[in-house]
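A structural walkthrough
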Amino acid sequence: MSDHSLPKTVDPLKYADQNRVLEGNIAVKLLPRLCEVLAEDTGDVAVKLEFDRDGQHLRILKGSLDANLSLTCERCLNSVEKLIESRFTVGIVLTDEQAKNLPRSYEPLLVEPDTLVLQDVIEEELILSLPMFAYHDHCDSEHGMQTKASDNEPLVERENPFSVLSDLKLKK
């Protein structure tokens, strides 16, 4: 993918009428809401956005996002790299009424007539594409999780907290 920088804002209606395609990268650290849920804010997002009109002459935006993001493993709480791929098609609308009339195959993208902040669209789609739970395929001591007692620590046998209940049951 090219290293072209993406514009901050575009006119989505004009771009759709001109069938414009934007390709480039955006740094993850420039996406603050996404960074809140990441373990680290390093890397780039490869972006391809195609503004177009569909067979019904509706303005649409087709997008492709690819990023290696550093998430927190839910098992060992260390960083885990996950490839996040997002493919989406949204209908560009100006009003809520237009959004209601969109075919069900399109999610509405409500825009101002001449301004669409690309960073917001990219960030929102990435957040929606994140896995609900991230984890390593095999968490073990190399990832920080201790599954076995250390050889130097003696095993302490503890009293069963439910033994009182079994004593009560036996007395009846």
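Residues numbered from 1 in each chain as written. Predicted model: local features only at pLDDT ≥ 70, side-chain atom pairs only at ≥ 80, totals over all residues. Heavy atoms only, no water.

Thoughts on the confidence of the model for the protein chain
Taken as a whole, the protein chain shows an average pLDDT of 84; of its residues, 88% reach a score of 70 or greater. Counting contacts from residues 143-149, a segment whose pLDDT is below 50, to residues more than four positions away or on other chains yields 10 contacts. (pLDDT = per-residue confidence, 0-100. Contact = heavy atoms within 4.5 Å.)

A closer look at the side chain of Ser-70
Residue placement: Ser-70 occurs in strand β4 (residues 59-72). Residue class for Ser-70 comes out buried when judged on its relative accessible area of 2%. In terms of polar contacts, Ser-70 uses its side chain to reach the side chain of Ser-79, at 2.5 Å. Beyond its immediate stretch of four places on either side in the chain, Ser-70 contacts Leu-38, Ala-39, Glu-40, Ser-79, Val-80 and Glu-81. (Helix = DSSP H or I, 4+ residues; strand = E, 2+ residues; numbered from the N terminus. Buried < 20%, exposed > 50% of the residue type's maximum accessible area, 1.4 Å probe, protein only. Polar contact = N/O pair within 3.5 Å; in protein donor to acceptor, adjacent residues only side chain to side chain.)

Concerning the pairing of strand β3 (residues 44-53)
When strand β2 (residues 21-27) meets β3, the two strands line up antiparallel, connected through seven bridges. Considered in β3, the bridge of Asn-25 is made with Ala-46. Relative to β4, β3 runs antiparallel, the two sharing nine bridges. The partner of Leu-49 across the bridge, within β4, is Gly-63. Here β3 folds back onto β4 in antiparallel fashion, the turn holding five residues, of which His-57 has a positive phi close to 65°. (Pairing = 2+ DSSP bridges.)

Regarding the pattern of salt bridges
Going through the model one piece at a time under the given rule, you end up with six salt bridges. Close ionic contact of Arg-59 with Asp-17 constitutes a salt bridge, the shortest N to O distance being 3.2 Å. Here Asp-17 lies in helix α1 (residues 12-17) and Arg-59 lies in strand β4, a separation of 42 residues in the sequence. We classify Asp-17 as partly exposed; its relative accessible area is 42%. The partner of Arg-33 in a salt bridge is Glu-124, with the nearest N and O atoms 3.0 Å apart. Residue Arg-33 is found in helix α2 (residues 32-35), and its partner Glu-124 is found in helix α4 (residues 118-129); the two are separated by 91 residues along the sequence. Look at the salt bridges and you will find they share partners, linking Asp-17, Arg-53 and Arg-59 into a network. (Salt bridge = Lys/Arg side-chain N within 4 Å of Asp/Glu carboxyl O.)

Things to note about the packing of aromatic side chains
Tallied over the entire structure, the rule returns one aromatic pair. Geometrically, the ring pair formed by Tyr-15 and Phe-51 is edge-to-face, given 5.4 Å between the ring centres and 80° between the ring planes. Of this pair, Tyr-15 sits in helix α1 while Phe-51 sits in strand β3, and the two are 36 residues apart along the sequence. Since its relative accessible area comes to 1%, Phe-51 is described here as buried. One cation-aromatic arrangement involves Arg-20 over Tyr-15; the distance from NZ or CZ to the ring centre is 4.3 Å. (Phe/Tyr/Trp six-rings, centres within 6.5 Å; stacked < 30°, edge-to-face > 60°. Lys NZ or Arg CZ within 6 Å of the ring centre and 35° of its normal.)

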